[in-house]
Amino acid sequence: MTLTKSITKWWWGWNPEKIEDWLEQMDAEGWHLYDATSIGIRFHFMKGESRRVRYCADYQSKIGPEYKAIFQDAGWELVYSGTGWYIWRMEYVGERPDIYTDIDSMIDRNKRLITLLGVITVIEGFVISTLGTTTNNQNDTSFITAAFAAIFGFIGYSIYNLLAYNKRLNTKRKL
């Protein structure tokens with residue numbers, strides 16, 4: 001009998017280490033990730049032997065055919081791809097591997113996320129300004145404005161955290 005389980009776990013682009021560490025811990029407990037769904041927040045596991053597996057999350061706004069080949073040639077296995085995110089894993093013994101060989105690559109990844117959030121903000125601003133001029137019902141306008149204000153707030157919070165993460169990385173680079 002094969003044992004499986006699914007877990008929904010929220011994670012954020014400004015702190016990919018949390019999801020990476022959690023997935024590693026799950027593998028160490030014998031729960032092997034075999035699929036991820038729902039924009040990478042629903043994880044499906046199969047029970048097996050405990051093992052040491054490194055997971056790395058990478059964000060790419062666009063990739064060429066060489067992107068996957070580079071990682072696969074280096075021994076990484078793609079576990080999930082969606083909405084620009086790629087989750088890679090590699091079983092290891094000894095030193096823990098990493099897909100990023102330098103801090104600049106992580107900073108560049110965060111800049112790509114900031115750019116994406118900026119584009120979303122511009123589109124959202126256009127949509128809310130259009131809805132505000134086409135809706136005559138005050139209740140509808142208030143609800144829509146509140147919903148978009150909450151989304152704007154979350155995007156601002158996300159950008160702030162990505163910038164703070166880049167600042168920590170820059171400090172780490174100078175050490």
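Provided above is the structure to which this section pertains.
None of these values were measured; they are calculated from a predicted model.

Chemist: Before we go on, may I ask you to explain the overall build of the protein in this structure?
Modeler: The number of helices and strands found in the protein is four helices and six strands. Listing every helix and strand of the protein by position from the N terminus yields β-α-β-β-β-α-β-β-α-α. For the C-alpha atoms alone, the extent of the protein along its principal axes is close to 65 × 50 × 30 Å. Residue burial in the protein is summarised as follows: out of 175 residues, 37% are buried. For the protein, restricting intrachain contacts to residue pairs at least 6 apart in sequence, the fraction spanning at least 24 positions comes to 63%. About 10500 Å² of surface is accessible on the protein, with carbon and sulfur atoms providing 58% of the total. Here the protein contributes 20 positive and 20 negative side-chain charges, whose respective centroids are spaced 5 Å apart.

Chemist: Where do I start with the sheet that holds strand E2 (residues 31-37) in this structure?
Modeler: Note: strands within a sheet are paired through backbone hydrogen bonds, in either parallel or antiparallel orientation. Read across the sheet, three strands follow the order E1-E3-E2 without closing on themselves; strand pairing throughout is antiparallel. In the strand order of this sheet, the two ends are held by strand E1 (4-8) and E2, each with one partner. On average, each strand axis in the sheet is tilted by 25° relative to the strand beside it, whichever way the strands run. Here helix H1 (residues 16-28) sits on the sheet in contact with E1, E2 and strand E3 (42-47), set at roughly 20° to E3.

Chemist: Looking at this structure, how should I read a nonpolar patch on the surface?
Modeler: A surface patch of nonpolar side chains, about 480 Å² in accessible area, is lined by Trp 10, Trp 12, Phe 154 and Tyr 157. Along the chain, the position of Tyr 157 falls in helix H4 (residues 138-174). Assessed through its relative accessible area of 47%, Tyr 157 is described here as partly exposed.

Chemist: Can you help me understand the sheet that holds strand E6 (residues 85-91) in this one?
Modeler: An order of E4-E6-E5 is seen for the three strands of this open sheet, with the pairing classed as antiparallel. Looking at which strands have only one partner, the edges of the open sheet turn out to be strand E4 (53-59) and strand E5 (77-82). Ignoring which end each strand starts from, the neighbouring axes of this sheet average 15° apart. The sheet contact formed by E4 and E6 spans seven bridges and is antiparallel. Across the sheet, residue Cys 56 finds its bridge partner in E6, namely Trp 88. Strands E4 and E6 of the sheet are contacted by H1, whose axis makes an angle of about 150° with E4. Sheet contacts for helix H2 (residues 65-73): E4, E5 and E6; angle to E6, the most-contacted strand, approximately 15°.

Chemist: In this structure, what is going on with the packing of aromatic side chains? I would like to understand it.
Modeler: Two numbers describe a pair of aromatic rings. These are the distance of the centres and the angle of the planes. Inspection of the entire model under this criterion finds 13 aromatic pairs. Centroid distance Trp 14 to Phe 154: 6.4 Å. Interplanar angle 55°. Geometry classified as tilted. Pair noted here: Trp 14 is in the loop between E1 and H1 and Phe 154 is in helix H4, with a separation of 140 residues, a long-range link. What makes Trp 14 buried here is its relative accessible area of 11%. Judged by centre distance (5.5 Å) and plane angle (90°), the rings of Trp 14 and Tyr 157 are edge-to-face. Linking Trp 14 in the loop between E1 and H1 with Tyr 157 in helix H4, this pair joins segments that are 143 residues apart in sequence. What links up through ring pairs into an aromatic cluster is the set Trp 10, Trp 12, Trp 14, Phe 154 and Tyr 157.

Chemist: What exactly am I supposed to notice about unusual backbone geometry here?
Modeler: As a rule of thumb, non-glycine residues mostly have phi less than zero, and peptide bonds are mostly trans rather than cis. In this structure, Thr 83 takes a positive phi of about 50° despite not being glycine. With respect to the element layout, Thr 83 can be found in the loop between E5 and E6.

Chemist: Before we go on, may I ask you to explain the side chain of Glu 124 in this structure?
Modeler: Considering the arrangement of structural elements, one finds Glu 124 in helix H3 (residues 103-134). Put simply, Glu 124 is tucked away with no salt bridge, and the nearest opposite charge, on Arg 112, sits 21 Å away. Glu 124 has contacts with Phe 148, Ile 151, Phe 152 and Ile 155, leaving out every residue within four places of it along the chain.

Calculation notes
- Residues numbered from 1 in each chain as written.
- Predicted model: local features only at pLDDT ≥ 70, side-chain atom pairs only at ≥ 80, totals over all residues.
- Heavy atoms only, no water.
- Helix = DSSP H or I, 4+ residues; strand = E, 2+ residues; numbered from the N terminus.
- Buried < 20%, exposed > 50% of the residue type's maximum accessible area, 1.4 Å probe, protein only.
- Contact = heavy atoms within 4.5 Å.
- Areas by Shrake-Rupley, 256 points an atom, 1.4 Å probe, with all protein chains shown as cover.
- Lys, Arg positive; Asp, Glu negative; His and termini not counted.
- Charge placed at Lys NZ, Arg CZ, Asp CG, Glu CD.
- Pairing = 2+ DSSP bridges.
- Axes fitted to C-alpha atoms, helices over the stretch in contact; angles between N-to-C directions.
- Patch = residues over 30% accessible without salt bridge, like charges linked within 9 Å, V, L, I, M, F, W, Y side chains within 5 Å.
- Salt bridge = Lys/Arg side-chain N within 4 Å of Asp/Glu carboxyl O.
- Phe/Tyr/Trp six-rings, centres within 6.5 Å; stacked < 30°, edge-to-face > 60°.

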